[in-house]
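# Residue-level structural notes
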Amino acid sequence: MLLLKHALIGFGSKINFSKLQGSSYSLFPYLLCLLKLTAMKRPLCFLFMILFFNANKAQVKLQNLLVENLSNPQGIDNATPRFSWQLISDKRNIMQTAYELHVGTNKSVLAKSANLEWSSGKINSDSSVHVAYKGKRLQSGKKYFWQVRVWDNQGNPSPWSETAYWRMGLLDSSDWNAKWIESPLDKDGDQRPAIHFRKEFQSSKKVESAVAYITAHGVYEAMINGKRVGNFYLTPGWTSYNKRLQYQIYDVTDLIARGDNCIGITLANGWYRGFLAWGGNKNTWGKDLSLLFQLDIHYSDGSNESIVSEKSWKSSIGSIVDAEIYHGEIIDSRKEKTGWTNVGYNDAGWSTVIEKNYSKSVLIATQNEPIKKHETFSPLKVFTTPKGEKVIDFGQNLVGWVKVKLNGRAGDTIKIFHAEVLDKDGNFYTDNLRAAKAQAVYILKGGEESFEPHFTFFGFRYIKIEGLQSAINPENFTAVALYSDMKPTGTFTCSNPLVNQLQHNIQWGQKGNFLDVPTDCPQRDERLGWTGDAQAFSRTAAFNMNVNNFFSKWLKDVAADQLPSGSIPFVIPNVLGPNAGAATGWADACTIIPWNMYLLYGDKRILEQQYSTMKAWVDYMKKNSKNDLWNTGYHFGDWLFYRPFDDNDGRAAVTDKYLIAQSFYAYSTQLLIKAAQVLGKLTDANEYSDLLKKIKEAYIKEYVTPSGRLVSNTQTAYVLALNFDLLPASLQAVAAQRLVDNIKSYGTQLTTGFLGTPYLCHVLTRFGYDSVAYQLLFRDKYPSWLYPVKMGATTIWERWDGIKPDSSFQTPSMNSFNHYAYGAIGDWMYRTIAGINIDEEQPGYKKITIQPHLTDSLRFATASIETYYGKLSSEWKKENGTTVLNVEVPANTTATIFIPANSAEGVSESGKNIQTVFKQVETKNGYIVLKTGSGKYSFVVNRKKDM
Ligand code: BGC
């Protein structure tokens with residue numbers, strides 16, 4: 001091959017070899033033409049023929065090998081993990097017809113068949129996602145390697161994939177030799193200092209592998225021989241700790257020295273016992289910090305050793321004087337125990353520790369991606385406010401903290417305050433943080449020092465600095481964004497810069513609020529896993545990033561915290577007590593999110609995992625209904641809907657809360673039925689189908705007039721009725737018309753709150769009102785999605801008018817500038833503007849629909865998503881009297897593509913008449929529709945001919 005390439009270059013050819021390799025028969029005429037043009041002699045002609053032959057035998061390659069949706073994960077405690085892989089090919093219509101998978105404990109034996117834990121044999125199947133392990137019993141703490149190969153529908157086998165691996169977690173509580181330990185120095189008080197734990201040990205032989213398992217009551221940071229273990233933050237993450245406590249697994253082989261070693265671990269309050277919610281609430285899960293640590297060393301002579309937390313460890317208080325999620329961190333570096341995580345430090349003055357007998361049965365391996373550091377920001381502007389405050393603007397509302405370099409005398413105290421916005425006069429504004437102090441306080445020991453917090457986070461764009469003796473040097477300040485390390489998957493761009501900024505704001509709203517748990521906001525004294533917000537945003541979230549494991553982990557906490565009555569708490573993990581639950585549209589997160597995740601990632605296991613929770617919630621509503629009408633209990637309703645200042649015309653968009661409750665009762669029941677059907681629970685499917693019929697009848701009897709008017713004549717009422725299919729077909733068109741009339745009566749303005757907004761534009765599109773949906777999207781006056789953008793937002797606001805047109809603020813008691821719920825419009829942008837859709841028949845993008853909805857207000861729009869099968873993209877643009885639609889469909893999937901054209905005439909694909917390329921081309925409602933397989937397609941619609 002190399003020779004051929006050189007030969008070609010030698011002959012001055014302009015052919016790009018790498019592109020040619022993946023090309024297909026369509027190149028043949030060009031090759032012939034080239035041969036004629038260059039009047040080639042026979043040998044060269046022969047070379048080209050070989051090259052062409054090879055190109056057409058190009059094999060499918062495999063990449064992106066995942067176990068339980070993660071790349072080479074450390075710590076899976078699922079006894080039958082699932083494997084996924086991607087087929088890569090430049091050819092069109094590539095499908096997998098069979099696969100073979102090998103799993104072993106030794107990397108070198110894989111491609112052979114001996115000594116394997118599992119050899120699947122050749123399985124005739126097109127499954128390349130979530131293929132379950134069926135081999136020998138997997139063992140605690142063991143590292144397994146795997147490889148896969150496939151056969152494609154052209155009869156070609158792929159080469160074996162590269163080797164990937166995963167490590168099993170500790171599958172049984174008896175695998176833990178470690179003891180829970182606590183420090184007698186850990187006392188309650190106004191400030192609760194972080195606690196250091198340390199232990200030196202000897203490792204006299206050659207280490208082959210060393211794996212650390214760590215968790216805590218509190219949050220921890222671990223060091224071995226002065227080096228940080230891993231790059232995760234705020235570990236062990238946040239779960240319903242009394243039922244599920246995650247541990248992390250680290251391969252620390254490289255950190256262990258031959259001879260003396262030192263382990264140093266710091267614990268702080270975190271969510272476990274720090275301040276959470278309101279009224280000084282703390283110690284939600286317990287009042288003591290505890291550590292559980294186990295280091296399993298495997299020596300090259302075959303022997304093993306475990307270094308575990310137990311009573312011989314020592315503890316001390318160090319420089320972290322206090323650390324709270326809401327209030328920030330205080331570090332007094334004069335109190336630093338210099339060198340305490342290194343061998344040889346004199347810990348004679350340190351305290352002994354106490355062993356505790358806490359249960360280990362709640363321990364679980366970490367399922368989702370831990371929190372990591374991501375983007376960094378340098379100061380955009382350093383300035384002094386009218387009040388004389390020294391402020392830095394980082395240009396982006398982000399969640400994380402600021403790394404600083406400070407220089408001063410011992411005892412100098414530097415305070416850093418955090419704010420999302422400046423007020424009307426340009427002063428630093430923190431009233432909306434409510435009781436959260438959100439401060440980083442550094443007390444210097446003298447000289448130049450670097451600081452960053454460890455056990456807190458802030459939501460901010462601006463910082464105010466107090467106590468600095470010198471002028472601010474911007475180079476000494478770097479903002480760092482922290483969030484769960486989910487893989488970015490989606491992009492969306494169009495010709496309207498304000499909409500692009502909206503997309504940016506949606507993504508940053510997601511980054512700032514996906515810190516191990518989906519939170520409402522990241523800055524004030526709240527930051528809780530509000531269920532309603534999470535369900536509203538879940539589909540949009542899954543476009544922007546891979547949130548499969550993130551939500552799957554959180555949904556297990558939803559299940560764990562479900563009350564015996566079936567009620568789902570307002571927030572998960574539940575920190576608000578047993579009576580704060582069962583609110584419509586919030587509790588339904590337990591049915592909506594599992595269903596969404598199943599659709600988006602095609603994984604039935606999430607439905608199996610959540611089914612009993614879904615069912616218990618529907619049963620709760622059933623039990624609390626009379627004559628199939630659920631009209632009791634406390635509800636938030638269509639939270640933060642539009643309310644004009646002057647409501648003399650009675651135009652506020654108040655939707656009856658029980659009408660909403662009945663709507664979501666029907667929707668959750670519908671989703672339960674669908675889940676039952678997917679899981680083959682046909683008795684349930686039938687039983688709940690009967691119930692759904694009755695729920696809808698009760699809805700119509702109570703809330704709909706015979707002519708189709710709803711008792712609440714609001715956008716949200718119509719949107720829910722239409723989106724959840726509550727009305728008979730005969731009343732749908734009239735209801736859609738009423739919705740549009742309502743929107744127009746406000747001057748083409750939305751009035752929806754948290755519950756109506758996610759579905760508003762989808763309903764308009766479904767009933768043929770794209771133009772109204774687009775007008776709502778492009779509106780930039782309050783209330784609208786682009787109003788905050790025009791006001792300079794870099795994230796999504798909690799309220800449509802967080803900052804009013806006169807630059808004054810909404811009430812400080814509820815005015816977050818980083819609240820993702822209204823960002824739910826992102827789902828419509830991907831699915832309607834760019835037209836990327838799932839086919840429910842084969843979810844997870846195994847079967848795809850591409851149907852862009854064009855508008856005269858945009859010249860182009862392009863979106864892509866990294867699916868488990870590979871990249872899927874849709875781009876349309878209008879140029880020179882044509883409409884171009886470029887589509888990329890990943891291998892091993894099929895797609896139905898809707899090309900915006902009235903007839904096939906004048907429509908081409910890669911330069912050829914469309915009817916010569918595709919066998920079946922249909923015409924439907926302003927589109928021509930064709931079915932195809934993988935590949936890149938470029939359609940051109942000549943608009944003049946299309947008229
Ligand atoms: C949160 C919301 C949440 C709501 C319940 C607020 O305090 O910030 O986002 O859903 O309470 O209505």
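To start, this report covers the structure provided alongside it. (Residues numbered from 1 in each chain as written. Predicted model: local features only at pLDDT ≥ 70, side-chain atom pairs only at ≥ 80, totals over all residues. Heavy atoms only, no water.)

## A word on the packing of aromatic side chains
Note the cut-off: Here a pair means two rings of Phe, Tyr or Trp (six-membered ring of Trp) with centres within 6.5 Å. Their orientation is stacked below 30 degrees between planes, edge-to-face above 60, and tilted elsewhere. Partly exposed residues are those whose accessible area sits between 20% and 50% of the maximum for their type, while under 20% is buried and over 50% is exposed, using a 1.4 Å probe and protein chains only. For helices the rule is a DSSP run of H or I covering at least 4 residues; for strands it is a run of E covering at least 2, with both sets numbered from the N terminus onward.
Counting across every chain of the model gives 66 aromatic pairs. Ring geometry for Tyr442 versus Phe451: centroids 4.4 Å apart, planes at 20°, classification stacked. The exposure classification of Tyr442 matches that of Phe451, with both residues buried. A centroid spacing of 5.7 Å and a plane angle of 55° characterise the contact between Tyr699 and Tyr703, whose relative ring orientation is tilted. Placement of the pair is Tyr699 and Tyr703 together in helix H12 (residues 682-703), with a separation of four residues, close to one helical turn.

## Here we look at the site of the ligand
Test applied: Only heavy atoms are used to decide nearness, and a residue is near a molecule or strand if one of them lies within 4 Å of it. Here a polar contact means two N or O atoms within 3.5 Å. Within protein one must be a hydrogen donor candidate and the other an acceptor candidate, and residues neighboring in sequence count only if both atoms are side-chain atoms. All accessibility values rest on the Shrake-Rupley procedure with a 1.4 Å probe; residue burial counts only the protein chains present in the view. Each residue is assigned to one of three groups, with Ala, Val, Leu, Ile, Met, Phe, Trp, Tyr, Cys and Pro labelled nonpolar, Asp, Glu, Lys and Arg labelled charged, and all others, Gly among them, labelled polar.
Every residue lining the ligand is accounted for by Asp520, Arg524, Glu526, Trp530, Asp533, Trp586, Phe636, Trp639, Phe754, Glu798 and His819. Take Arg524: an N or O atom from its side chain is 2.7 Å from an oxygen atom of the ligand. When the free accessible area of the ligand is taken as 310 Å², the share hidden by the protein chains comes to 95%. Split by residue class, the shell around the ligand holds five nonpolar, one polar and five charged.

## Brief notes about the environment of Glu162
Note the following rule: Whether two residues are in contact is decided by their heavy atoms: any pair within 4.5 Å suffices.
Secondary-structure assignment places Glu162 in the loop between strand E8 (143-152) and strand E9 (164-168). Owing to a relative accessible area of 69%, Glu162 belongs among the exposed residues under this scheme. Taking the C-alpha atoms as reference points, Glu162 and Tyr718, separated by 556 residues in sequence, lie 53 Å from one another. If we skip the residues at most four places from it in the chain, Glu162 touches Leu65, Trp146 and Gln147.

## A closer look at the packing of helix H6 (residues 497-513) against helix H18 (residues 825-833)
Filter applied, for reference: Interaxial angle, 0 to 180 degrees, is taken between N-to-C directions of lines fitted to C-alpha atoms, where a helix line uses only the stretch in contact. The cut-offs work like this: below 35 degrees is roughly parallel, past 145 is roughly antiparallel, 65 to 115 is roughly perpendicular, and the gaps in between are oblique. Note on convention: the crossing is left-handed when the near helix lies turned anticlockwise from the far helix by less than a right angle, right-handed when the turn is clockwise.
The geometry of H6 relative to H18 is characterised by a closest axis approach of 10 Å and an angle of 125° between their N-to-C directions. Comparing their axes, H18 and H6 come out oblique. Viewed along their axes, H6 and H18 form a crossing whose handedness is left-handed. Note on element contacts: H18 touches H6 through Ile825, Gly826, Met829 and Tyr830, opposite Val499, Leu502, Gln503, Ile506 and Gln507. Class assignment of the residues belonging to the contact of H6 with H18 gives a composition of six nonpolar, three polar and no charged.

## Describing unusual backbone geometry
Cis geometry marks the peptide bond from Thr235 to Pro236, where omega comes out at 15°. With respect to the secondary-structure elements, Pro236 resides in the loop between strand E14 (227-228) and strand E15 (245-251). Residue Pro783 is reached from Tyr782 by a cis peptide bond, and omega for that bond is -10°. Note that Pro783 resides in the loop between helix H16 (770-778) and helix H17 (786-790). The phi dihedral of Asp725 falls on the positive side, at around 55°, and the residue is not glycine. Structurally, Asp725 can be placed in the loop between helix H13 (715-723) and helix H14 (729-745). Residue Asp725 is classed as partly exposed on the basis of its relative accessible area of 33%. The phi dihedral of Thr748 is positive, around 50°, even though this residue is not glycine. You can see Thr748 is positioned in the loop between H14 and helix H15 (757-766).

## A look at the environment of Lys199
Relative to the helices and strands, Lys199 resides in strand E11 (residues 195-203). Through-space distance from the C-alpha of Lys199 to that of Trp313 is 5.2 Å; in sequence the pair is 114 residues apart. Excluding residues within four positions of it along the chain, Lys199 makes contact with Asn261, Cys262, Ile263, Glu310, Ser312 and Trp313. Side-chain polar atoms of Lys199 contact the side chain of Ser312, separated by 2.7 Å.

## A look at the sheet that holds strand E48 (residues 935-942)
Heads up, the condition is: In this analysis, strands are considered paired if DSSP registers two or more bridges between them.
Spatial strand order, E35-E40-E41-E42-E48-E44-E45: seven strands in an open sheet with antiparallel pairing. Only two strands of the sheet have a single partner each, and these edge strands are strand E35 (490-494) and strand E45 (912-913). Sheet topology places strand E44 (residues 907-909) next to E48; three bridges connect them, and they run antiparallel. Note on E48: the bridge partner recorded for Glu909 is Phe939.

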